[in-house]
Amino acid sequence: MAAFDMFADNPVLGVGQGNFPWRIMEYEDREGYHGRFHGSRPAHSIYFTLLPELGIIGTVIFFLLVKKNFATIRRVRRYARDEFKHVNTEQAQYYDNIGLGLMGAFVGYFFSGIFLSVLYYPHFWVFLALPLALEKSMLKQEALGGHEN
């Protein structure tokens, strides 16, 4: 509830990146939770960290990045199945499988993020880079005629 209250008080920009642990005490009952306060503790959820810390603007930007990445993965997989297979069938299957694996990795990240504060871990940024690298690699292989060098 503290995360929702924090978001309700700061809906547009949020309380700022990394400030949830330092602001949570302002949103707890005076007696705390079973006599304990939760100051300096993370939200233990991507979503309950994202909304109060970054607000609507940051949340929209975050999910636009995710949407763009899924679009890149879909584009790579479609291109591998429709166009690249004419160059090298085995490598086309390889790129299609890696794209599918990246989608699975994203889903796993977002499910595990329900219970973990992994928003600012480097995994998300690596996940953003991998589909772009996969696309560049596939296009380079196509330019080489599907042969490895």
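Our subject in this report is the structure included herewith. (Residues numbered from 1 in each chain as written. Predicted model: local features only at pLDDT ≥ 70, side-chain atom pairs only at ≥ 80, totals over all residues. Heavy atoms only, no water.)

**Section: the packing of helix H1 (residues 2-9) against helix H3 (residues 46-82)**
Line of reasoning, step 1. It is at 8 Å that the axes of H1 and H3 come closest, and there the two elements cross at 10°. Classified by the angle between their axes, H1 and H3 sit roughly parallel to one another. Listed contacts from H3 to Ala3, Phe4, Met6 and Phe7 of H1 are Phe48, Leu51, Pro52, Gly55 and Ile56.
Line of reasoning, step 2. Classifying every residue of the contact of H1 with H3 gives eight nonpolar, one polar and no charged. (Axes fitted to C-alpha atoms, helices over the stretch in contact; angles between N-to-C directions. Helix = DSSP H or I, 4+ residues; strand = E, 2+ residues; numbered from the N terminus. Parallel < 35°, antiparallel > 145°, perpendicular 65-115°, else oblique. Contact = heavy atoms within 4.5 Å. Nonpolar A, V, L, I, M, F, W, Y, C, P; charged D, E, K, R; others polar.)

**Regarding the packing of aromatic side chains**
Line of reasoning, step 1. Considering all chains together, one arrives at twelve aromatic pairs under this definition.
Line of reasoning, step 2. Considering the side-chain rings of Phe62 and Phe110, the 6.2 Å spacing of their centres and the 90° angle between planes classify their relative orientation as edge-to-face. One end of the pair, Phe62, is in helix H3; the other, Phe110, is in helix H4 (residues 89-112), and 48 residues separate them in sequence. For the pair formed by Phe62 and Phe110, the shared burial category is buried.
Line of reasoning, step 3. Here the aromatic rings of Phe62 and Phe124 are separated by 4.5 Å at their centres, their planes lie at 20°, and the arrangement is stacked. Highlighted residues: Phe62 in helix H3 and Phe124 in helix H5 (residues 123-143), separated in sequence by 62 residues. (Phe/Tyr/Trp six-rings, centres within 6.5 Å; stacked < 30°, edge-to-face > 60°. Buried < 20%, exposed > 50% of the residue type's maximum accessible area, 1.4 Å probe, protein only.)

**Topic: the nonpolar core**
Line of reasoning, step 1. Core analysis: the largest hydrophobic core is formed by 23 residues, its most contacted members being Phe62, Phe106, Tyr109, Phe110 and Phe124.
Line of reasoning, step 2. Elements that contribute at least two residues to this core include exactly H3, H4 and H5.
Line of reasoning, step 3. For this core, the element with the highest residue contribution is H3, accounting for eight residues.
Line of reasoning, step 4. Dropping the residues within four chain positions of it, Phe106 is found in contact with Asn69, Phe70, Ile73, Phe124, Phe127 and Leu128.
Line of reasoning, step 5. Residues Ala3, Met6, Val15 and Ile24 belong to the second largest nonpolar core, which totals eight residues. (Core = buried A, V, L, I, M, F, W, Y, C linked by side-chain atoms within 4.5 Å.)

**Thoughts on the environment of Arg23**
Line of reasoning, step 1. As for its placement among the helices and strands, Arg23 is situated in helix H2 (residues 20-23).
Line of reasoning, step 2. Spatially, the C-alpha atoms of Arg23 and Ala3 are 9.7 Å apart, while their sequence positions differ by 20 residues.
Line of reasoning, step 3. If we ignore the near neighbours within four places in the chain, the residues touching Arg23 are Met6, Asn10 and Val15.
Line of reasoning, step 4. A distance of 2.9 Å separates a polar atom in the side chain of Arg23 from a polar atom in the side chain of Glu26. (Polar contact = N/O pair within 3.5 Å; in protein donor to acceptor, adjacent residues only side chain to side chain.)

**Observations regarding the pattern of salt bridges**
Line of reasoning, step 1. Evaluation of the coordinates by the stated rule reveals four salt bridges.
Line of reasoning, step 2. The salt bridge involving Arg23 is made with Glu26; its shortest N-O contact spans 2.9 Å.
Line of reasoning, step 3. A relative accessible area of 52% means that Glu26 is categorised as exposed.
Line of reasoning, step 4. Among the ionic pairs, Glu135 bridges to Arg75, the shortest N-O distance being 2.7 Å. Here Glu135 is found in helix H5, whereas its partner Arg75 is found in helix H3, with 60 residues between them in sequence.
Line of reasoning, step 5. Using a relative accessible area of 16% as the deciding quantity, one classes Glu135 as buried.
Line of reasoning, step 6. One network of salt bridges, with partners in common, ties together Arg77, Arg81 and Asp96. (Salt bridge = Lys/Arg side-chain N within 4 Å of Asp/Glu carboxyl O.)

Functional significance is not addressed by these values, which are geometric in nature.
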